[in-house]
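# Remarks on the overall topology
Listed below are the residues making up each chain.
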Amino acid sequence: MKFAIGLILTAGCIFGGYVLSHGILLALWQPFELMIIGGGALGAFIIANPKTVIVDVIKGVMGLFKPSPYNKAIYMDLLTLMFRLFSKARKEGLMALEADIDEPAESEIFQAFPKIVKNHHASEFISDYLRLMVGGNMNAFELENLMDVELDTHHHESHESSAALQTMADALPGFGIVAAVMGVVITMGYISEPPEVLGGHIAAALVGTFLGILLSYGFAGPMAKAIEYKAVDESKFLECAKVCIMATLNGYTPQVAVEFGRKAIYGYLRPNFFELEEHIKASK
């Protein structure tokens, strides 16, 4: 909804202001300029990026129409899930978690939190590191280093799509200039024509510059930033799980471990102590 509102507001104010200033909206409709700018930028984008990044950009743009799943409710689910797993391990031993982490979708504990089970990265991250804890062959320092390596890799990978889209956004004004120059070249062929004919061709050429700048700063650039913010949200979610696991590995009780995780959440999403306590009690 927020993304759609932004698109409508951007386009509405720019084109609405133009019309209210007595501009002729049809004069901005230059399909060949759009083909030059859009086609050139898209072709360069395809040349520059591997197939996986192209697919991720498409998915990322489509995902902007949906709200971020990383809200206060899912963070409370995460902390409650960690509390229940750690409590079970504390009462029955780490080996008791083996069935839960091998098949999270079949686990009674995980099933209570379907949003986390559906989040492939989060459920796999939690299961993998709890499995390493169950194995008992790694100390806290080694495990934390391994987590940091994985989080850095995930961070880099998740930012590739936003960086690719931002590169295309940066190139769009240049393609707009290309379209404008080509329009001027065409206009020179009409140099002997009356002013009204020359004026039409010059206007068409200038529209190329306008469209390149508008598509870059009004749409592609903001979309790249929005995709980047979604990637940051996912990284922070995994970091919260990491803090909880490390606190448990260092010997803290489940209550204290999830409190460590709670402190790792951004302030505007962080539940207070009593909200989390009530949520944990309600899930039992």
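The structure reproduced in this document is the subject of the present report.

Rules used throughout
- Residues numbered from 1 in each chain as written.
- Predicted model: local features only at pLDDT ≥ 70, side-chain atom pairs only at ≥ 80, totals over all residues.
- Heavy atoms only, no water.
- Helix = DSSP H or I, 4+ residues; strand = E, 2+ residues; numbered from the N terminus.
- Expected span 1.5 Å × (residues − 1).
- Buried < 20%, exposed > 50% of the residue type's maximum accessible area, 1.4 Å probe, protein only.
- Arc of directions from axis to C-beta.
- Contact = heavy atoms within 4.5 Å.
- Salt bridge = Lys/Arg side-chain N within 4 Å of Asp/Glu carboxyl O.
- Core = buried A, V, L, I, M, F, W, Y, C linked by side-chain atoms within 4.5 Å.

## Side note on helix 2 (residues 31-48)
- Helix length check: helix 2 (18 residues) gives 25 Å between terminal C-alpha atoms against 26 Å at 1.5 Å per residue, within 8%.
- When we look at burial in helix 2, the residues that qualify are E33, I37, A41 and F45. Taken around the axis of helix 2, the buried residues stretch over an arc of 80 degrees, which confines them to a single face. In helix 2, those exposed residues whose orientation departs by more than 90 degrees from the buried face are F32, M35 and I47.
- Of the surrounding elements, those touching the buried residues of helix 2 are helix 3 (51-63), helix 9 (140-188) and helix 10 (195-249).

## Some thoughts on the pattern of salt bridges
- Applying the stated criterion across every chain, the model contains nine salt bridges.
- A salt bridge links E144 to K242, with the shortest nitrogen-to-oxygen separation between them at 3.8 Å. With E144 in helix 9 and K242 in helix 10, this pair connects stretches of sequence that are 98 residues apart.
- With a shortest N-O distance of 3.6 Å, E228 and K225 are connected by a salt bridge. Of the two residues, E228 and K225 are both situated in helix 10; the distance of three residues between them amounts to about one turn of the helix.
- Overlapping salt bridges, with partners in common, bring together D102, D128 and R131 in one network.

## Some details on the nonpolar core
- In this structure, L78, L81, M82, L85, I126 and F237 are the most contacted members of the largest nonpolar core, which totals 41 residues.
- Elements with a minimum of two residues in this core: helix 4 (72-92), helix 6 (108-111), helix 8 (120-135), helix 9, helix 10, helix 11 (254-263) and helix 12 (273-283).
- A total of 10 residues in this core trace back to one element, the largest contributor, which is helix 4.
- Residue contacts for F237: discarding those within four places in its chain leaves Y70, I74, Y75, L78, I116, N119 and A122.
- F45, V53, M223 and A224 belong to the second largest nonpolar core, which has 24 residues in total.

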